[in-house]
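# Structural features, examined
Each chain is listed here by its residues.
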Amino acid sequence: MKVVKQQDIKLDSSFADEIAKRSGENVFLCYQCRKCASGCPSRMFMDSTPTELMRYAQLGMVDEAMKKNTIWYCVSCQTCSTRCPQDIDIAHVIDTMRIIGQEKKLKADDNKLPLFNWLWMTMIRFMGRAYEPGIVGSLNFLSGKPTKDMALGMKMIKKGKLKLLPSFKKPFAMMKMFSRAKKLKHLK
Amino acid sequence: MKLAYYPGCSLRSSGAEYDISMRKVCAALGIELVEVKDWICCGSSPAHQRDDLMSVALPAKNLAQVRETGDLKEVCAPCASCYSRLKSAQKRLEDDDLRKDVEVVIDSKYPDDIEVLHALDVITDKFGVDAVKEKVVKNLNGLKVACYYGCLMTRPPKVTGKGQFENPTQMESLIEALGGVGVDWNMKTSCCGAAFALTKRDVVLELTRKILADAESVGADVISVGCPLCHANLDGRQAQINSKFNTNFHIPIFYFTELMGLAMGIEAKDLGLHKHITEVGDFLQERVRHDRCR
């Protein structure tokens, strides 16, 4: 067990405020009942439980919260948000931490999830709709595993489950929409 | 009954048979589906993990498109992820400040009076299980079905408005109307790891294995789903799971619309059953033979 020395803990009281401002969720309502950790299907893969993550947020332990792989292992299944007796949307808090992490370009436990998110959003920005073969191909290529899931992919092509040609839905309107959103965020 | 239809990206590609069977079944039931004009991606999980404003704006744009499609007040989203994103955006947009921002982004007014329904809601709540029963010509003859809801069809209840979110029974009532039996099992609302389908395979294989193992242990013949992402994992990854965990799963995974179609006498090939990765052909033939013996 890693012992965190008191003098090493850096408190950042703005962290909880930042989360509240972005998501509208108040992490101080958490009283550590651990219902979220008990129900989390992904906890076996996590360094810290969601409950611990909430405590980090309360104490402003930004580094602890962001360094752990926990935020990158949340599957967004909404179990914690459903069961929280204090009605905190924990999955939304974790999403917010992920967004902060991606904006600050903090190193994730592996960079595949941020890469996937970026690819997806870029794709719909230019194409309007997700193009599955393009996402899988570019993700595998950029993460250095070009043959991952190849057998399954071939089977899906054979069964006509992958639409090989991309379709474009109003690309110019989409690009404009994304740039309006960007402008709006800069204003704030 | 006439409603707007938002198929979503998956139903255009890896979940094609869900789209095919949904349209076939609705046509047979007399439900008219009007595809939303120029619909775009709902943003799915990447949007809410990367860009909070766009995660609300993309669904809002689609809801505005529903208004453009005609004077329709209800939209059916068969994909659980799309359904969840649309519903969740509606909840978030009750906040006036956010709504104003979103209206700037989508450059149109956001319509707040549209009802978002999952395909299962359309069938069981709007059309009615009893009305479906009347259309059954070839009943499922006691087929043991594990009804799998996954995460987003019921959760979080604040967003979906579902009363039974830990132990839903909506799909079971439909299966029973078709002549099948909805088995009692533990994993009906457990997560299959769909958000990590392309990024963290270890997580997906472990979570999917648990679901398959539980269905097998209670003696289910098939699993019935209502989400293309759940289907892709449960149906497509059985071979990978078998080789990783040394198991021997071969459980046919059906969309609930496919089971409806079969019970309503629609041919398997017209429902797109040949597209499944875990073959259902032999299974169906065995079942039919079994029926004849009786």
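Rules used in this analysis
Residues numbered from 1 in each chain as written. Chains lettered and ligands numbered in written order. Predicted model: local features only at pLDDT ≥ 70, side-chain atom pairs only at ≥ 80, totals over all residues. Helix = DSSP H or I, 4+ residues; strand = E, 2+ residues; numbered from the N terminus. Rg over C-alpha atoms; globule rule 2.2 N^0.38 Å. Buried ≥ 20, exposed ≤ 12 C-beta atoms within 10 Å, placed from the backbone. Contact = placed C-beta atoms within 7 Å. Domains from an automatic or database assignment. Pairing = 2+ DSSP bridges. Nonpolar A, V, L, I, M, F, W, Y, C, P; charged D, E, K, R; others polar. Axes fitted to C-alpha atoms, helices over the stretch in contact; angles between N-to-C directions.

### Side note on the overall build of chain B
Helix and strand content of chain B: 13 helices and eight strands. Radius of gyration (C-alpha) of chain B: 19 Å, near the 19 Å computed for a compact globule of 294 residues. Looking at chain B as a whole, 57% of its 294 residues qualify as buried. Considering only contacts in chain B between residues 6 or more positions apart, those separated by 24 or more positions represent 80%.

### With respect to helix 10 (residues 228-236) of chain B
Quick reminder: α-helices carry 3.6 residues per turn. Residues three or four places apart thus point the same way. Most of helix 10 of chain B sits inside the fold, with nine of its nine residues counted as buried. Taken as a whole, helix 10 of chain B has its buried residues at Pro 228, Leu 229, Cys 230, His 231, Ala 232, Asn 233, Leu 234, Asp 235 and Gly 236 of chain B. For helix 10 of chain B, the elements touching its buried residues are helix 9 (150-158) of chain A together with helix 1 (16-29), helix 4 (80-92), helix 9 (201-217), strand 7 (222-225) and strand 8 (253-255) of chain B.

### So, the domain arrangement of chain A
The domain boundaries assigned to chain A delineate domain 1 (10-103) and domain 2 (112-187). If you average the C-alpha positions of domain 1 of chain A and of domain 2 of chain A, the two centres end up 28 Å apart.

### Some points on the domain arrangement of chain B
Residues and elements named next belong to chain B. Here chain B is partitioned into domain 1 (2-118) and domain 2 (129-293). Look at where the C-alpha atoms of domain 1 and domain 2 centre, and you get two points 24 Å apart. With 24 residues of domain 1 at the contact, the number on the domain 2 side is 26 residues. Among the elements that make up the side of domain 1 that touches domain 2, the one with the highest residue count is helix 1 (10 residues).

### A few points about the pairing of strand 3 (residues 74-77) of chain B
All names here are of chain B. In this structure, strand 1 (residues 2-5) lies alongside strand 3, joined through two bridges in parallel fashion. Opposite Ala 4, over in strand 3, you have Val 75 as the bridge partner. Summarising the sheet, strand 3 and strand 4 (residues 115-118) pair through four bridges and their orientation is parallel. Bridge pairing in strand 4 places Val 75 opposite Val 116.

### A word on the interface of chain B and chain A
Of the residues lining the interface, 43 residues belong to chain B; the matching set on chain A comes to 46 residues. Elements that contribute at least two residues to the side of chain B that touches chain A include exactly helix 2 (44-50), helix 3 (52-69), helix 5 (96-106) and helix 9 of chain B. Ranked by residues supplied to the side of chain B that touches chain A, first place goes to helix 2 of chain B with six residues. Of the residues belonging to the side of chain B that touches chain A, the class tally is 24 nonpolar, nine polar and 10 charged.

### Some thoughts on the sheet that holds strand 3 of chain B
All names here are of chain B. Across the sheet, four strands lie side by side as 2-1-3-4; this open sheet has parallel pairing. The open sheet has two free edges, formed respectively by strand 2 (32-35) and strand 4, since each of these has just one partner strand. Shown here is a sheet whose adjacent strand axes are inclined to one another by a mean of 40°, direction ignored. Contacts from helix 6 (residues 119-134) reach strand 1, strand 3 and strand 4, with the element oriented near 95° to strand 4.

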